[in-house]
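# Notes for the structure review
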Amino acid sequence: MTTPIVDFVEKYDETISLRLHMPGHKGKCFISPVAAVHSLDITEVCGADSLYEADGIIKESEENAAELFKAHKTIYSTGGSTLGIQTMVSAAVPVGAKIIAARNAHRAFVNTCALLDLDVVWVTGENADVISSNVTAKDIENALCKEKDAYAVYITTPDYYGRMCNVKAISEVCKKHNVPLLVDNAHGAHLAFLRENLHPISLGADICCDSAHKTLPVLTGGAYIHIANEKYAERIKEKQSVFGSSSPSYLTLCSLDYCNFFLENSVKEALCETEKKMSALKERLSPAWQFVDGDVLHLTVESYKSGLSGYDLADRLRERGIECEYADDLYTVMLFSPIDNDEDFEKLCAAMENIPQPRILLYKDEIPFILPEKAMSIRSATFSESEKIPVEKAEGRICSLNAVHCPPCVPVVVAGEKIDKNSINILKKYGIFEINVVK
Ligand SMILES: Cc1ncc(COP(=O)(O)O)c(C=O)c1O
């Protein structure tokens, strides 16, 4: 597989001796920890193509990626899945229209709805909490039967705990109702390369975005937008240009470009090994530790079942030089990638075996997630005059900015919703003690 962006940038660095253009570091070495990469950080010079009007090396590289992911078209994002979500939603849903969405959406989706003034009909499944909506095909079918004027369905899978929706079944329902399925697959770029291809594009999604940087060896900000349905392909770059920076990072583009080489040659074997190592790890550590079922790269420990809060387990691991992706009162999430080797797995196993467990089942403080009442449009609330007040005093007020911590960046209360007692309890559980409300 070709790596046209990497090849161009390397050749450019060798042949051009004076850069009279941006970026201001001029590709020269500084006494800086990141000095080595400056020379490869260029701008849209002659021959370097242009992300939103790609017809050269970027187009060629994106076509390589489309082939690898089996998509009709793939485009790169250097603004992460955040830009991917803005792009895919604006490509499929007109301004002011209705969209059905699983509630565990990332803040980027809610903010996109504010920008496009969308009316969101939220869906939650059984035993939903803030992070896992657990929506099924039946939940989506019910929503589509009720909301005949919805333009699209939007789901997030895998979620932050690694739990996955049945994309195939949901996509069949969407096809029956003739609405596109949009998938936030930020945590699942690797799914296309497992022994069983579980990528949303192969399971029937119309458009999806993947944060390549989360589970593949790609620099932060590198992401894909994959399109299966031709209808949305032609104008996708125009939509992206509305939201993205006009100075996309060539370092990130190089990294996405080089990842194609990895995806073609090494990823399947590496992931196959990772799958084996992950099941061996779970077997070795259980029943002392228990795990949430889901995506193979997410190791989500139900630490409360071993008598430790998720935060406590994360602290114990940090003391042993291991930093986790996310923790809350019940769970600790560790995110693996095809790059983690035997030594990494052994280090985690040894550490977990040495962490003392009280072995008392901690009380699972389950506050049922009940959708708060909608009082204003997301757009009006987001852009209204607001004030920050203690959560304790917010009952009855309308949320202005999505109430959320990052990670996981999934709002408990969305802009425009009325804050009720139940939401206040959930906010406090997530350590959120102040909230922006409409004045
Ligand atoms: C589910 C989900 N969607 C979207 C995003 C945004 O992705 P990015 O950081 O690549 O912009 C995140 C980031 O954590 C996420 O967890």
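Since the structure is predicted, the reported quantities are computational estimates derived from the model, not experimental observations.

Helical periodicity: at 3.6 residues per turn, an α-helix aligns residues three or four positions apart in one direction. Along helix H14 (residues 421-429), the positions that sit buried rather than exposed are Asn422, Ser423, Ile424, Ile426 and Leu427. Elements that come into contact with the buried residues of H14 comprise strand E12 (434-438). Positive backbone phi, at 75°, marks glycine 431, one or two positions downstream of H14.

Turning our attention to the nonpolar core. Membership of the largest hydrophobic core comes to 58 residues, with the highest contact counts inside it found for Tyr224, Leu263, Leu317 and Met334. Elements with a minimum of two residues in this core: helix H1 (4-15), helix H2 (57-69), helix H9 (250-265), helix H10 (267-285), strand E8 (298-301), helix H11 (310-319) and helix H12 (342-353). Counting the residues that make up this core, at least three belong to each of domain 1 (4-265) and domain 2 (269-353). Core analysis: the second largest hydrophobic core is formed by 36 residues, Ile207, Ile236, Val414 and Ala415 among them.

Structurally, the protein comprises domain 1 (4-265), domain 2 (269-353) and domain 3 (378-438). Computed from C-alpha atoms alone, the centre-to-centre distance between domain 1 and domain 3 is 28 Å. The interface is formed by 17 residues belonging to domain 1 together with 18 residues belonging to domain 3. Across the domain 1 to domain 3 interface the summed buried area is about 1500 Å²; carbon plus sulfur atoms make up 64%. The tally of links from domain 1 across to domain 3 stands at six residue pairs in polar contact (both at pLDDT 80 or more). When residues of the side of domain 1 that touches domain 3 are traced back to their parent elements, those giving at least two are helix H4 (107-116) and strand E3 (119-123). For the side of domain 1 that touches domain 3, the element with the most residues is H4, which contributes six residues. Looking at side-chain class alone, the side of domain 1 that touches domain 3 contains 11 nonpolar, three polar and three charged residues.

As for its placement among the helices and strands, glutamine 240 is situated in helix H8 (residues 236-243). For glutamine 240, the contacting residues outside a window of four places in its chain are Tyr52, Ile75, Tyr76, Ser77, Leu83, Thr87 and Ile225.

For the rest of this paragraph, the subject is the environment of serine 39. Tracing the backbone shows serine 39 in the loop between H1 and H2. The exposure class assigned to serine 39 is buried, which follows from its relative accessible area of 17%. Residues serine 39 and cysteine 29, spaced 10 residues apart in sequence, show a C-alpha to C-alpha distance of 7.5 Å. If sequence neighbours within four positions are ignored, serine 39 has contacts with Asp13, Arg19 and Gly27.

Not every one of the 14 residues close to the ligand is listed here, only the nearest: Ser81, Thr82, Asp184, His187 and Ser211. In this structure, serine 81 approaches the ligand through a main-chain N or O atom, which is 2.8 Å from an oxygen atom. At 2.8 Å, a side-chain N or O of histidine 213 approaches an oxygen atom of the ligand. Listing elements by their share of the shell around the ligand, those giving two or more residues are helix H3 (80-92) and helix H7 (212-215). Ranked by residue count, the leading element in the shell around the ligand is H3, at four residues. The class makeup of the residues in the shell around the ligand is three nonpolar, nine polar and two charged.

What follows deals with the state of the cysteines. Counting across every chain of the model gives one disulfide. Cysteine 113 forms no disulfide, and the closest cysteine sulfur to it belongs to cysteine 209, at a distance of 13 Å. Among the residues examined, cysteine 113 registers a relative accessible area of 0% and is labelled buried. The thiol of cysteine 145 is not disulfide-bonded; the next cysteine sulfur, from cysteine 174, is found 12 Å away.

What follows is about the packing of aromatic side chains. Overall, the coordinates contain 12 aromatic pairs when judged by the stated rule. On the basis of an interplanar angle of 80° and a centroid distance of 6.0 Å, the ring pair of phenylalanine 109 and tryptophan 122 is categorised as edge-to-face. A residue pair is termed long-range when its members are at least 10 positions apart, and phenylalanine 109 in helix H4 and tryptophan 122 in strand E3 qualify at 13 residues. The pair phenylalanine 109 / tryptophan 122 is uniform in exposure class, with both members buried. Taken together, the aromatic side chains of Tyr160, Tyr161, Tyr304, Tyr326 and Tyr331 make up a single cluster linked through ring pairs. In this arrangement the basic side chain of arginine 103 is found over the ring face of tryptophan 122, its NZ or CZ atom lying 4.9 Å from the centre.

For the rest of this paragraph, the subject is the sheet that holds E8. Pairing within the open sheet is antiparallel, and its three strands lie in the order E8-E10-E9. Taken across any chain shown, the strands that pair with only one partner, and hence form the sheet edges, are E8 and strand E9 (326-327). As paired elements, E9 and strand E10 (residues 332-335) share two bridges and run antiparallel to each other. Its bridge partner being in E10, tyrosine 326 is matched across the sheet by valine 333.

A contiguous patch of negative charge, built from Asp7, Glu10, Glu14 and Glu60, is present on the exposed surface. Top element by residues in the negative patch is H1. It accounts for three residues. Position of glutamate 60 relative to the elements: it lies in helix H2. The exposure class assigned to glutamate 60 is partly exposed, which follows from its relative accessible area of 33%.

Cut-off values and rules
Residues numbered from 1 in each chain as written. Predicted model: local features only at pLDDT ≥ 70, side-chain atom pairs only at ≥ 80, totals over all residues. Heavy atoms only, no water. Buried < 20%, exposed > 50% of the residue type's maximum accessible area, 1.4 Å probe, protein only. Helix = DSSP H or I, 4+ residues; strand = E, 2+ residues; numbered from the N terminus. Contact = heavy atoms within 4.5 Å. Core = buried A, V, L, I, M, F, W, Y, C linked by side-chain atoms within 4.5 Å. Domains from an automatic or database assignment. Buried area = accessible area lost by both parts, 1.4 Å probe. Polar contact = N/O pair within 3.5 Å; in protein donor to acceptor, adjacent residues only side chain to side chain. Nonpolar A, V, L, I, M, F, W, Y, C, P; charged D, E, K, R; others polar. Near = heavy atom within 4 Å. Disulfide = S-S within 2.5 Å. Phe/Tyr/Trp six-rings, centres within 6.5 Å; stacked < 30°, edge-to-face > 60°. Lys NZ or Arg CZ within 6 Å of the ring centre and 35° of its normal. Pairing = 2+ DSSP bridges. Patch = residues over 30% accessible without salt bridge, like charges linked within 9 Å, V, L, I, M, F, W, Y side chains within 5 Å. Areas by Shrake-Rupley, 256 points an atom, 1.4 Å probe, with all protein chains shown as cover. Salt bridge = Lys/Arg side-chain N within 4 Å of Asp/Glu carboxyl O. Lys, Arg positive; Asp, Glu negative; His and termini not counted. Charge placed at Lys NZ, Arg CZ, Asp CG, Glu CD.

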